[in-house]
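# Coordinates in review
Next come the chains, spelled out residue by residue.
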Amino acid sequence: IQIGIDQALVMLGTIGDPDLIRLSPGLAFEEQVWFNRAGEQYYNKNNKDEARKLISDAGYANQEIVLMTTRTISNLYKSAVIIQQELQGLGLNVRLEVLDWGALLAHVTKDKLRPKWHLSSMEHSIRHDPYGWDLNFRTDKWTPYANPAMDAALDKIARLRDFEQRKEAFKMVQTIFHEDVVNIKCGDYFAWHAHRSHVKGYKNFNGYVFWDVWLYV
């Protein structure tokens, strides 16, 4: 289904402002030194005919697919509604199950609850270091995903100290991410930050940062 989703539609419908979205295959933001384009051949293909063919070849027989989401975080709910419509357009029988945030996390992380769902809408915050993805992609650490090659790449990132070697290992993480469809990344989004002219030194990155900020009156 990865190649059948219109990521641009999902992002614009979720965020609403074209100036606040960006289509990018990277797990890191383009402003970060870790950014790379590994796996971009799998990103934002939006080839619905090919997706329908692959679904048919897989023997899909209208089984119900449960897509979990929450209204607690509005972006997750809005994106899930659009993705449900996209998947239904591919001929998939997708039911939206809306839970509170705590229940959604419990279903994603608890083994005994996992059989009750197939897809979930989530978002990831920025990782300042690529080892931060260990939480999401290591074997059975957060979601029911396991690949020894992914574990090995994450181990390299944790063990190595040379920047270029760590960056190459992170490229492998990102390649496996797209090939295995660990998640389907839709895009990056941003928010407006405003301050008065006498506030000096303010910079934003992944939240409000107020150190080295002063007032000039």
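A few points on the structure. (Residues numbered from 1 in each chain as written. Predicted model: local features only at pLDDT ≥ 70, side-chain atom pairs only at ≥ 80, totals over all residues. Heavy atoms only, no water.)

### Examining the overall build of the protein chain
Keep this limit in mind: Where helices and strands are cited, they refer to DSSP runs of H or I of at least four residues and of E of at least two residues respectively, numbered from the N terminus. The classification of residues rests on relative accessible area computed with a 1.4 Å probe and restricted to protein chains. Under 20% of the type maximum is buried, over 50% is exposed, and intermediate values are partly exposed. Should any heavy atoms of two residues lie within 4.5 Å, those residues are considered in contact. Throughout, the Shrake-Rupley method with a 1.4 Å probe supplies accessible areas, and for residues the shown protein chains are the sole cover considered.
The helix and strand inventory of the protein chain stands at seven helices and nine strands. C-alpha extents for the protein chain along the principal axes are approximately 65 × 40 × 35 Å. In the protein chain, which comprises 217 residues, the share counted as buried stands at 41%. Taking contacts inside the protein chain between residues at least 6 apart in sequence as the whole, the part at least 24 apart equals 65%. If you sum the accessible surface of the protein chain, you get close to 12,400 Å²; carbon and sulfur atoms cover 54% of it.

### Here's the deal with the nonpolar core
Selection rule: The criterion is simple. A nonpolar core is a set of buried Ala, Val, Leu, Ile, Met, Phe, Trp, Tyr and Cys residues joined through side-chain atoms within 4.5 Å.
Core analysis: the biggest nonpolar cluster contains 17 residues, and Val10, Leu67, Ile83, Leu87, Leu92 and Val94 have the highest contact counts within it. Counting residues per element, the ones that place at least two in this core are α1 (7–15), α2 (48–57), β2 (64–70), α3 (74–89) and β3 (93–99). Here the element with the most residues in this core is α3; it accounts for four residues. Ignoring any residue separated from it by four or fewer positions in sequence, one finds Leu67 in contact with Ala80, Ile83, Gln84, Val94, Arg95, Leu96, Glu97, Leu119, Ser120 and Ser121.

### Some points on the environment of Trp101
Checked against the element boundaries, Trp101 lands in helix α4 (residues 101–109). On the accessibility criterion, Trp101 (28% relative accessible area) is partly exposed. Here Trp101 is in contact with Thr70, Thr72, Ile73, Leu76 and Met122, once residues within four sequence places are set aside.

### Here we look at helix α7 (residues 163–180)
Defined as follows: To estimate the expected span of a helix, subtract one from its residue number and multiply by 1.5 Å. Polar contacts here mean pairs of N or O atoms no more than 3.5 Å apart (in protein, one a potential hydrogen donor and the other a potential acceptor; neighbouring residues in sequence count only if both atoms are side-chain atoms).
Taking 1.5 Å of rise per residue, 18 residues should cover 26 Å, and α7 covers 26 Å from first to last C-alpha, within 8% of that figure. Where α7 is concerned, the buried positions are Arg166, Lys167, Ala169, Phe170, Val173, Gln174, Thr175, Ile176, Phe177 and His178. In the core, the buried residues of α7 are packed alongside α5 (134–137) and α6 (148–159). Capping of α7 at its N-terminal end is provided by Asp162; its side-chain oxygen lies 3.2 Å from the backbone amide nitrogen of Glu164. Looking one or two residues beyond α7, the residue adopting positive phi is Val181, at roughly 55 degrees.

### Quick word on the pattern of salt bridges
Spelled out, the test is: Take a side-chain nitrogen of Lys or Arg and a carboxyl oxygen of Asp or Glu: if they are within 4 Å of each other, that pair is a salt bridge.
Counting across every chain of the model gives 14 salt bridges. Between Glu97 and Arg95 there is a salt bridge whose closest N-O contact spans 3.5 Å. A salt bridge links Lys171 to Glu168, with the shortest nitrogen-to-oxygen separation between them at 3.2 Å. Pair noted here: Lys171 and Glu168 are both in helix α7, with a separation of three residues, about one helical turn. Judged by its relative accessible area of 29%, Lys171 is partly exposed.

### So, the pairing of β3
Using the following cut-off: A pair of strands is considered paired only if DSSP assigns at least 2 bridges between the two. By convention a crossover is right-handed if, when the strands point away from the viewer, the path from the first strand over the helix to the second runs clockwise.
Relative to β3, β2 runs parallel, the two being bridged by seven bridges. Within the sheet, the bridge partner assigned to Val66 lies in β3 and is Arg95. Note on the crossover from β2 through α3 to β3: the handedness is right-handed.

### What about unusual backbone geometry?
Apart from glycine, the bulk of residues carry a negative phi angle, and the bulk of peptide bonds sit in the trans form. For Asn46, which is not glycine, the phi dihedral falls at a positive 50 degrees. Examined against the element boundaries, Asn46 turns out to sit in the loop between β1 (21–22) and α2. Accessibility expressed as a relative area gives 32% for Asn46, which makes it partly exposed. Residue Asn62 is not a glycine yet carries a positive backbone phi of 65 degrees. In this fold, Asn62 is placed in the loop between α2 and β2.

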